[in-house]
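Chain by chain, the residues:
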Amino acid sequence: MGGIEVKNLVFTYPGTSSETLRGVDLSVGEGEFLSLVGPSGCGKSTLLNIIAGLTAPTDGKVYC
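The following paragraphs examine the structure supplied in this document.

Thresholds applied
- Residues numbered from 1 in each chain as written.
- Predicted model: local features only at pLDDT ≥ 70, side-chain atom pairs only at ≥ 80, totals over all residues.
- Heavy atoms only, no water.
- Helix = DSSP H or I, 4+ residues; strand = E, 2+ residues; numbered from the N terminus.
- Rg over C-alpha atoms; globule rule 2.2 N^0.38 Å.
- Contact = heavy atoms within 4.5 Å.
- Areas by Shrake-Rupley, 256 points an atom, 1.4 Å probe, with all protein chains shown as cover.
- Pairing = 2+ DSSP bridges.
- Axes fitted to C-alpha atoms, helices over the stretch in contact; angles between N-to-C directions.
- Core = buried A, V, L, I, M, F, W, Y, C linked by side-chain atoms within 4.5 Å.
- Buried < 20%, exposed > 50% of the residue type's maximum accessible area, 1.4 Å probe, protein only.
- Salt bridge = Lys/Arg side-chain N within 4 Å of Asp/Glu carboxyl O.

In terms of regular secondary structure, the protein chain is built from 1 helix and 3 strands. Against the compact-globule benchmark of 11 Å for 64 residues, the protein chain has a radius of gyration of 12 Å, which places it among compact chains. Over its C-alpha atoms, taken along the principal directions, the protein chain stretches across nearly 35 × 25 × 20 Å. Here the analysis covers contacts within the protein chain between residues at least 6 apart in sequence; of these, 52% occur between residues at least 24 apart. Entry remark: accessible area of the protein chain is about 4,500 Å², with carbon and sulfur atoms responsible for 52%.

Structure follows, in structure tokens:
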């Protein structure tokens, strides 16, 4: 398998009750290009940090 796959990803910052990410599913094949766009605070950097292995998800899986 080449690329990255995200399955039902959930992330909640410690000490908060609201989910920053909920139910994220994503598949990016090897050699594909992806852009994440959205307003400030919507979870773009959090998602990238989880994919990079810098932050552990609350639930869900990342396959690289």
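One open sheet holds the 3 strands; their spatial order is β2-β1-β3, and the pairing between them is antiparallel. In the strand order of this sheet, the two ends are held by β2 (21-28) and β3 (59-63), each with one partner. With direction set aside, neighbouring strand axes in the sheet form an average angle of 10 degrees. Each of β1 (4-11), β2 and β3 is contacted by helix α1 (residues 44-52), which is oriented at about 120 degrees to β1, the strand it contacts most.

Bringing the nonpolar core into the picture now. V6, L9, F11, L21, V24, L26, V28, L47, I50 and I51 together form the largest nonpolar core, which totals 10 residues. When contributions to this core are tallied by element, the ones reaching two or more residues are β1, β2 and α1. With 4 residues, β2 is the single largest residue contributor to this core. In this view, L26 contacts I4, E5, V6, L34 and I51; residues no more than four positions away in its chain are not counted.

The next thing to look at is the side chain of T46. Mapped onto the fold, T46 is located in helix α1. Contacts of T46, omitting those with residues within four sequence positions, involve F11, Y13, T20 and L21.

Pairing between side chains becomes possible if they bear opposite charge and their charged atoms approach one another. Applying the stated criterion across every chain, the model contains 2 salt bridges. Of the charged contacts, one joins K7 and E5 as a salt bridge, the two residues approaching to 3.1 Å between their closest N and O atoms. Its relative accessible area of 22% is what places E5 among the partly exposed residues. The residue R22 makes a salt bridge to E19 at a minimum N-O spacing of 3.6 Å.

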